[in-house]
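What follows is each chain in one-letter form.
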Amino acid sequence: MENKKRLYRSNTQKMLGGVLGGIAEYFDVDPTIVRLIYVILSVFSACFPGIIVYIACMFIIPKDPGYTDI
């Protein structure tokens, strides 16, 4: 059986919704770098569409089912 990589919101590397932490885990990079890139792109784009995209991703990307918070 093939092991497919899936994108999930992170439960361990999250600050708000875990979207950027999940992207960092998916690409195996430091979450701080992903967050910095996101902030720079959001600030320098017109009308901060990055905020809308982040909120949409919170609803679209599922939480990681393999993590249990005890």
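Above this text sits the structure in question.
In this text, all values refer to a predicted model and were calculated from it rather than measured experimentally.

Caption draft 1: Quick look at the packing of helix 1 (residues 19-27) against helix 2 (residues 31-43). The N-to-C vectors of helix 1 and helix 2 enclose an angle of 125°; their axes lie 8 Å apart at closest approach. On the basis of the axis angle, helix 1 is oblique to helix 2. Crossing angle aside, the handedness with which helix 1 passes helix 2 is right-handed. Contact residues: helix 1 offers Leu20, Gly21, Ile23 and Ala24, while helix 2 offers Pro31, Val34, Arg35 and Tyr38.

Caption draft 2: Local environment of the packing of aromatic side chains. Summed over the entire model, instances satisfying the criterion amount to two aromatic pairs. Plain terms: the ring middles of Tyr26 and Phe27 are 5.0 Å apart, the flat faces sit at 90° to each other, and that makes the pair edge-to-face. Seen from their ring centres, Tyr38 and Tyr54 are 5.9 Å apart, and the 50° between their planes marks the pair as tilted. Remark: Tyr54 occurs in helix 3 (residues 49-60) and Tyr38 occurs in helix 2; sequence separation between them is 16 residues. On the accessibility criterion, Tyr54 (11% relative accessible area) is buried.

Caption draft 3: Looking closely at the environment of Thr32. Residue position: Thr32 is located in helix 2. For Thr32, a relative accessible area of 43% translates into the label partly exposed. With 19 residues separating them along the chain, Thr32 and Gln13 place their C-alpha atoms 9.6 Å apart.

Conventions and cut-offs
- Residues numbered from 1 in each chain as written.
- Predicted model: local features only at pLDDT ≥ 70, side-chain atom pairs only at ≥ 80, totals over all residues.
- Heavy atoms only, no water.
- Axes fitted to C-alpha atoms, helices over the stretch in contact; angles between N-to-C directions.
- Helix = DSSP H or I, 4+ residues; strand = E, 2+ residues; numbered from the N terminus.
- Parallel < 35°, antiparallel > 145°, perpendicular 65-115°, else oblique.
- Left-handed = near helix turned anticlockwise from the far one by under 90°.
- Contact = heavy atoms within 4.5 Å.
- Phe/Tyr/Trp six-rings, centres within 6.5 Å; stacked < 30°, edge-to-face > 60°.
- Buried < 20%, exposed > 50% of the residue type's maximum accessible area, 1.4 Å probe, protein only.

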